[in-house]
Amino acid sequence: DSSLFQMDVLLGPKQVSEATFRIVQSGTFRVSGNVNAMNLTLNIPQEGVLNISVDADDWKYVSDEFGNKILVLQWKNPSAETSYKTKIIVKNRAQELKFEKPLATAPEYLKGNGQVKLTPEIAKAAFPFERTVKKAAELAKWVNSYVTYDLSIVGQLKPSDWVYENKRGVCVEYANLLSAMLKTSGIPTRYIIGYAYSAVENKLIGHTWVEILADDGSWIPLDPTWNEAGYLDATHIKTANRIDANLTQKLA
């Protein structure tokens, strides 16, 4: 299974206000035995999709338990070697942070989990607690300066308490620590998975950041890894909102 990402512009974070992407996902399955039907679910961009083409017998959109739009590829009596390819054109725009928005009260988005652990040490670092967008932005900037970007941590999904103690990680770890500080402060928070352009790695990569819930039902993005607390550049492409960094594609 492989993915190709091509950008119309190759600039770092904070410099891209609008961008168009061609996202290609492809792969090959080797099927043995008598298989009457086969489905593959793929997470896709949630916003700004201009065009989509799919190489499969059939396909459809469904929604998961978090409200994410999922692409389901379908085959009837798949051959011994079955390939697929999707091409999605996405146009994306930067997002400005609305500091004046009041925040929602949503207990379901204040809970910790296996990666976002709410500890006394993290609570002390987040003190004094304020339920404002400005405070959320300040915490995002604090996490950016506190944690050192360390590519050796890629794929390890370290929880927030580990990140607080060790002060290093990649986007997952930055997001885990910020999520813990925000939830400790009473700010409803969800976890965002997608792609973004990395000035460190000089390419578009898988990326994670967070969003906080405003009282009007809108979600406000914060990226502590790239220190984008007042502005989210257009290279951020959301493919799913979750409670943590766990995300899998399913073949059935």
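Please read all numbers here as calculations on a predicted model, not as lab measurements.

So, how was this worked out
Residues numbered from 1 in each chain as written. Predicted model: local features only at pLDDT ≥ 70, side-chain atom pairs only at ≥ 80, totals over all residues. Heavy atoms only, no water. Helix = DSSP H or I, 4+ residues; strand = E, 2+ residues; numbered from the N terminus. Rg over C-alpha atoms; globule rule 2.2 N^0.38 Å. Contact = heavy atoms within 4.5 Å. Salt bridge = Lys/Arg side-chain N within 4 Å of Asp/Glu carboxyl O. Buried < 20%, exposed > 50% of the residue type's maximum accessible area, 1.4 Å probe, protein only. Core = buried A, V, L, I, M, F, W, Y, C linked by side-chain atoms within 4.5 Å. Axes fitted to C-alpha atoms, helices over the stretch in contact; angles between N-to-C directions. Parallel < 35°, antiparallel > 145°, perpendicular 65-115°, else oblique. Left-handed = near helix turned anticlockwise from the far one by under 90°. Nonpolar A, V, L, I, M, F, W, Y, C, P; charged D, E, K, R; others polar. Phe/Tyr/Trp six-rings, centres within 6.5 Å; stacked < 30°, edge-to-face > 60°. Pairing = 2+ DSSP bridges.

Considering the overall build of the protein chain
If you tally the helices and strands in the protein chain, you get 4 helices and 16 strands. In summary, the protein chain has a C-alpha radius of gyration of 19 Å against a globular reference of 18 Å for 252 residues, a match within 12%. Counting only C-alpha atoms and orienting by the principal axes, one finds that the protein chain spans roughly 60 × 40 × 35 Å. For the protein chain, the proportion of contacts with a sequence separation of at least 24, taken over those separated by at least 6, is 69%.

Re the pattern of salt bridges
Under the criterion given, the structure shown has 9 salt bridges. Residue Arg30 is joined to Glu81 by a salt bridge in which the shortest nitrogen-to-oxygen separation is 3.5 Å. A residue pair is termed long-range when its members are at least 10 positions apart, and Arg30 in strand β2 (residues 18–30) and Glu81 in strand β7 (residues 81–93) qualify at 51 residues. You can call Arg30 exposed: its relative accessible area is 67%. Of the residues examined, Glu81 reaches a relative accessible area of 48% and is grouped as partly exposed.

Remarks on the environment of Leu110
Among the structural elements, Leu110 can be located in the loop between β8 (95–96) and α1 (120–126). When the C-alpha positions of Leu110 and Asp58 are compared, they lie 39 Å apart, and in sequence the two are 52 residues distant. Not counting the four nearest positions on each side in its chain, Leu110 is found in contact with Leu118, Lys183, Gly186, Ile187 and Pro188.

Examining the nonpolar core
Among the nonpolar cores identified, the biggest contains 35 residues, and Leu177, Leu178, Leu182, Ile212 and Leu222 are the most heavily contacted of them. Of all the secondary-structure elements, those providing two or more residues to this core are α1, α2 (133–146), α3 (160–166), α4 (171–184), β11 (189–198), β12 (203–213) and β13 (219–222). Residue contributions to this core peak at 9 residues, all from α4. Setting aside residues no more than four positions away along its own chain, Leu222 makes contact with Leu97, Ala136, Ala137, Ala140, Leu178, Leu182, Trp209, Val210, Ile212, Glu228 and Ala229. By size, the runner-up hydrophobic cluster in this structure holds 24 residues, among which are Ile44, Val54, Leu73 and Tyr195.

So, the packing of α2 against α4
At their nearest, the axes of α2 and α4 sit 10 Å apart, and the two run at 140 degrees to each other. Put simply, α2 runs oblique to α4. Judged by the sense of rotation from one axis to the other, the crossing of α2 with α4 is right-handed. Along the contact surface, α2 presents Ala136, Leu139, Ala140, Trp142, Val143, Asn144 and Tyr146, while α4 presents Tyr174, Leu177, Leu178, Met181 and Leu182. Within the contact of α2 with α4, the residues separate by chemical class into 11 nonpolar, 1 polar and no charged.

Some details on the packing of aromatic side chains
On inspection of all chains with the given rule, the structure shows 9 aromatic pairs. Seen in terms of ring centroids, Tyr149 and Tyr174 are 6.3 Å apart; in terms of plane orientation they differ by 40 degrees. Their pairing is tilted. Placement of the pair is Tyr149 in strand β9 (residues 148–149) and Tyr174 in helix α4, with a sequence separation of 25 residues. Its relative accessible area of 3% is what places Tyr174 among the buried residues. Every member of this aromatic cluster is reached through a ring pair, and the members are Phe29, Trp75 and Tyr84.

A look at the pairing of β12
Along β12, 9 of the 11 residues are buried, which leaves the element largely enclosed by surrounding structure. Here β11 runs beside β12; their pairing, made up of 10 bridges, is antiparallel. The residue of β12 that forms the bridge with Tyr197 is Leu204. When β12 meets β13, the two strands line up antiparallel, connected through 4 bridges. Its bridge partner lying in β13, Glu211 is registered against Pro221. Between β12 and β13, which pair antiparallel and follow one another directly, the connecting turn spans 5 residues, one of which, Gly217, has a positive phi of 90 degrees.

Description of the sheet that holds strand β15 (residues 237–242)
With antiparallel pairing, the 4 strands of this open sheet are ordered in space as β13-β12-β11-β15. Across the chains shown, the open sheet's two edge strands, defined by having one partner strand only, are β13 and β15. In this sheet, adjacent strand axes meet at a mean angle of 35 degrees when their direction is disregarded. Taken together, the 5 bridges between β11 and β15 define a ladder with antiparallel strand orientation. Its bridge partner being in β15, Ile193 is matched across the sheet by Ala240. Those strands touched by α2 are β12 and β13, and its axis lies near 25 degrees from that of β13.

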